[in-house]
Amino acid sequence: MNMLQDSLLELIRRTSVEIPEDVHRAILNSLEQEKKGSIAASAMQIIDQNIALAKNKSQPICQDTGSVIFYVECPPGYDQIVFEETARKAVKTATKKGFLRQNSVDSITGKNDGTNLGPGAPALHFHQHRSAEVGVKLILKGGGCENVGAQYSLPNEKLAAGRDLEGCRKVILDAVLQAQGKGCGPGILGVCVGGDRATGYEASKQQFLRKIDDNNPNPELDRLEKDIVATANKLGIGPMGFGGKTTLLGAKICVLNRVPASYFVSVSYMCWAYRRQGVSLEADGKISQWLY
Amino acid sequence: MLKLSPPFTAEKMRALKVGDEVLITGTLFTGRDAVHKHLHEGGKLPPQVNLQNGMLYHCGPVVIKDDQGRWKCVAAGPTTSIREEPYQWQVIRDYNLRGVIGKGGMGDKTLAACKEHGCVYLHAIGGAAQVLAERIKRVCGVYMMEEFGAPEAIWEFEVEDFPAVVTIDSHGNSLHKDVFAASQAELAKHL
Ligand code: SF4
């Protein structure tokens with residue numbers, strides 16, 4: 001095994017068994033908010049126990065270890081082909097070791113060869129930057145919450161949502177309403193306003209790389225993010241849809257340009273089992289720093 | 001917190017109401033998509049799988065063999081139940097099921113079957129794979145492994161204090177319907 005492969009294996013392990021600190025804080029906060037003795041509070045308690053147990057046993061937080069998505073930032077000249085080959089080996093090993101479930105299925109034949117490798121699996125996104133550093137971020141995106149994502153094309157007559165931020169607000173809150181009980185809430189929303197059907201969803205997912213407690217640099221979007229969370233938490237949907245105070249732990253919104261004819265709002269939903277980690281790598285592939 | 005233990009009778013189930021938290025002790029059989037489809041198409045169950053007055057768990061567990069060759073369940077969270085909505089009412093009727101455990105709730109056909117036959121839908125905590133696996137004290141057997149593969153096979157688990165919430169009771173109530181209606185009405189005030 002080489003150093004890069006070891007580092008990527010450790011990145012996968014830690015992502016699968018440990019919740020990032022910012023998410024854990026949000027979960028503890030929500031546990032405190034829920035009324036003592038309510039079903040919502042016991043659901044949050046079990047979730048918190050589960051987080052501790054997974055970490056101590058070094059076993060997956062949830063048995064659905066999701067789609068494996070890498071985001072790589074690298075300087076010009078970095079060998080992406082070697083990185084991809086190494087990442088595939090690390091995924092295969094992580095699956096053998098049980099940090100990932102055998103979770104990747106041929107869409108036509110239904111066959112699962114048990115390696116988590118195949119067309120589009122794992123997914124890798126490369127991005128060049130001027131600095132010499134290599135940064136690798138990883139998201140394990142569960143299926144149950146992926147199923148409740150939604151893409152709206154505005155105007156939407158049924159929801160009386162026009163092509164403005166007010167219209168965006170309406171459809172985003174509709175997505176929260178429709179997702180209830182499914183997708184293992186309390187959840188986190190990643191939203192993209194604009195783009196096309198593919199880039200919109202892609203950008204919405206990249207919002208999950210942001211920390212839960214950060215602020216959006218765009219003041220208008222920052223206001224909308226906070227308003228979505230506050231309003232969603234007034235709806236009484238609660239953890240698992242049992243009723244309660246925490247429906248959302250966060251909402252992150254970004255914007256892409258669009259063509260005049262289209263106005264998409266793409267909403268991705270992340271469950272409480274929010275598995276995201278990242279590392280900076282030294283030149284030889286060794287982990288120099290954890291990013292979350 | 002109410003304790004539920006065998007025999008699982010219709011009377012015990014009728015005493016439960018939406019919102020009750022229960023701790024289940026006893027035998028659970030897992031069954032998900034392949035099992036439901038099999039039963040719906042008139043398939044038989046192996047004789048060891050006694051679903052009569054039993055509890056069915058929508059779950060695709062991760063089970064490994066330990067050093068001594070014994071099964072050990074390492075992850076066992078619920079899977080989404082609504083996929084079994086077309087079939088569940090029939091299984092409840094044919095086997096006098098007393099409990100269906102899963103996540104996300106079920107629809108009107110299951111609600112009606114629960115009412116008619118004295119069954120409840122129990123919501124386990126989605127994603128809590130580790131906590132729930134700890135409550136599985138013994139893996140008693142696995143059936144139809146050849147046909148369906150490990151996640152879809154029927155696993156027989158002995159559980160102790162397995163936590164769940166009644167979200168559909170046997171009196172025609174559904175917490176899912178109630179919360180949806182209330183949250184929809186509340187949302188209208190904020191638009
Ligand atoms: S939605 Fe998330 S927590 Fe729920 S089962 Fe899927 S991966 Fe696990």
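Residues numbered from 1 in each chain as written. Chains lettered and ligands numbered in written order. Predicted model: local features only at pLDDT ≥ 70, side-chain atom pairs only at ≥ 80, totals over all residues. Heavy atoms only, no water.

Engineer: Hey, could you run me through helix H3 (residues 39–57) of chain A in this one?
Structural biologist: Given 3.6 residues per turn, any residue in an α-helix points the same way as the ones three and four places further on. For H3 of chain A, which comprises 19 residues, the first-to-last C-alpha distance of 27 Å matches the rise-based estimate of 27 Å (1.5 Å per residue) to within 8%. Buried within H3 of chain A we find Ile39, Ala40, Ala41, Ser42, Ala43, Met44, Ile46, Ile47, Asn50, Ile51 and Ala54 of chain A. In the core, the buried residues of H3 of chain A are packed alongside helix H1 (3–17) and helix H2 (21–33) of chain A together with strand E2 (21–30), helix H5 (129–134), strand E9 (154–168) and helix H7 (175–189) of chain B. Positive backbone phi, at 55°, marks Ser58 of chain A, one or two positions downstream of H3 of chain A. (Helix = DSSP H or I, 4+ residues; strand = E, 2+ residues; numbered from the N terminus. Expected span 1.5 Å × (residues − 1). Buried < 20%, exposed > 50% of the residue type's maximum accessible area, 1.4 Å probe, protein only. Contact = heavy atoms within 4.5 Å.)

Engineer: What exactly am I supposed to notice about the interface of chain A and chain B here?
Structural biologist: How big an interface is tends to be stated in terms of the accessible area lost upon association of its parts. Between chain A and chain B, the residue contacts involve 36 residues of the former and 33 residues of the latter. Surface buried jointly by chain A and chain B totals about 2900 Å² across both partners, of which 65% is contributed by carbon and sulfur atoms. A per-residue breakdown of the area chain A buries against chain B is headed by Ile46, Gln63 and Phe242 of chain A, which together make up 21% of the total. The interface formed by chain A and chain B includes one salt bridge. Here Glu134 of chain B and Lys57 of chain A are joined by a salt bridge, their closest N and O atoms 3.0 Å apart. Where chain A packs against chain B, one counts 12 residue pairs in polar contact (both at pLDDT 80 or more). Taken together, the elements giving at least two residues each to the side of chain A that touches chain B come down to H3 and helix H6 (165–179) of chain A. (Buried area = accessible area lost by both parts, 1.4 Å probe. Salt bridge = Lys/Arg side-chain N within 4 Å of Asp/Glu carboxyl O. Polar contact = N/O pair within 3.5 Å; in protein donor to acceptor, adjacent residues only side chain to side chain.)

Engineer: Please clarify how helix H8 (residues 219–232) of chain A should be interpreted in this entry.
Structural biologist: Residues and elements named next belong to chain A. With 14 residues, H8 extends 20 Å from end C-alpha to end C-alpha; this agrees with the ideal 20 Å at 1.5 Å per step. Taken together, the buried positions of H8 are occupied by Leu221, Asp222, Leu224, Glu225, Ile228, Val229, Thr231 and Ala232. Check the buried side of H8 and you find it contacts H6, strand E5 (187–193) and strand E6 (248–255). The distance from a side-chain oxygen at the start of H8 to the backbone nitrogen of Glu220 is 2.9 Å, and the residue carrying that oxygen is Asn218.

Engineer: Explain the packing of H2 of chain A against H3 of chain A to me, please; I cannot follow it from the model alone.
Structural biologist: Angle between the axes and distance between the axes are the two parameters that describe a pair of packed helices. All names here are of chain A. The geometry of H2 relative to H3 is characterised by a closest axis approach of 9 Å and an angle of 150° between their N-to-C directions. Taken together, the axes of H2 and H3 are roughly antiparallel relative to one another. As for how H2 packs across H3, the hand of that crossing is left-handed. Together, His24, Ile27, Leu28, Ser30 and Leu31 of H2 and Ala41, Met44, Gln45, Ile47, Asp48 and Ile51 of H3 make up the contact between the two elements. In the contact of H2 with H3, the residues fall into seven nonpolar, three polar and one charged. (Axes fitted to C-alpha atoms, helices over the stretch in contact; angles between N-to-C directions. Parallel < 35°, antiparallel > 145°, perpendicular 65-115°, else oblique. Left-handed = near helix turned anticlockwise from the far one by under 90°. Nonpolar A, V, L, I, M, F, W, Y, C, P; charged D, E, K, R; others polar.)

Engineer: Would you mind going over the side chain of Gln88 of chain B with me for this structure?
Structural biologist: Residues and elements named next belong to chain B. Relative to the helices and strands, Gln88 is located in helix H3 (residues 85–95). The exposure class assigned to Gln88 is buried, which follows from its relative accessible area of 0%. Each residue touching Gln88, except ones within four places of it in the same chain, is listed here: His36, Leu56, His58, Leu97, Val100, Met106 and Thr110.

Engineer: In this structure, what is going on with the sheet that holds E6 of chain A? I would like to understand it.
Structural biologist: Paired through backbone hydrogen bonds, the strands of a sheet run either parallel or antiparallel to each other. Residue and element names in this part refer to chain A. Pairing is mixed across the open sheet formed by four strands, whose spatial order is E4-E7-E5-E6. Where the open sheet ends on each side, the last strands, each with one partner, are strand E4 (150–153) and E6. For this sheet, the mean inter-axis angle between neighbouring strands, taken without regard to orientation, is 15°. When E5 meets strand E7 (residues 264–270), the two strands line up antiparallel, connected through six bridges. Considered in E7, the bridge of Val193 is made with Val265. Strand contacts of H6: E4, E5, E6 and E7, with the helix running at about 35° to E7, the strand carrying the most contacts. (Pairing = 2+ DSSP bridges.)

Engineer: Can you walk me through the site of the ligand in this structure?
Structural biologist: Surveying the vicinity of the ligand reveals the residues Cys62, Asp64, Gly142, Gly144, Cys145, Gly183, Cys184, Cys271, Ala273 and Arg275 of chain A together with Lys103 and Gly127 of chain B. Neighbouring residues of the ligand are not confined to one chain but are distributed across chains A and B. When its residues are assigned to classes, the shell around the ligand shows five nonpolar, four polar and three charged. Each of domain 1 (3–15 + 61–142 + 275–290) and domain 2 (144–270) of chain A contributes no fewer than three residues to the shell around the ligand. (Near = heavy atom within 4 Å. Domains from an automatic or database assignment.)

Engineer: Just checking my understanding: could you explain the sheet that holds strand E3 (residues 134–141) of chain A for this structure?
Structural biologist: Residue and element names in this part refer to chain A. Taken together, the five strands give an open sheet; going across it, the order is E2-E1-E3-E8-E9, and neighbouring strands pair in mixed fashion. Two strands lie at the open edges of the sheet, namely strand E2 (123–128) and strand E9 (287–290), each paired on one side alone. Recorded for the sheet is a direction-independent mean angle of 20° between the axes of neighbouring strands.

Engineer: Sorry if this is basic, but what is going on with the environment of Gly19 of chain B here?
Structural biologist: All names here are of chain B. Inspection of the secondary structure puts Gly19 in the loop between helix H1 (10–14) and E2. For Gly19, a relative accessible area of 25% gives the class partly exposed. Residues Gly19 and Val165, spaced 146 residues apart in sequence, show a C-alpha to C-alpha distance of 6.2 Å.

Engineer: Just to check I follow, could you spell out the nonpolar core for this structure?
Structural biologist: The tendency in soluble globular proteins is for nonpolar side chains to be buried side by side. Formed by 97 residues in total, the largest nonpolar core has its most connected members in Leu189 of chain A together with Ile24 of chain B. Ranked by residues supplied to this core, first place goes to H6 of chain A with eight residues. Shared between two domains, this core takes at least three residues from each, and those domains are domain 1 (3–15 + 61–142 + 275–290) and domain 2 (144–270) of chain A. In this structure, Leu189 of chain A is in contact with Ile172, Val176, Phe208, Ile228, Leu248, Gly250, Ala251, Lys252, Val267, Ser268 and Tyr269 of chain A, ignoring residues within four places of it in sequence. (Core = buried A, V, L, I, M, F, W, Y, C linked by side-chain atoms within 4.5 Å.)

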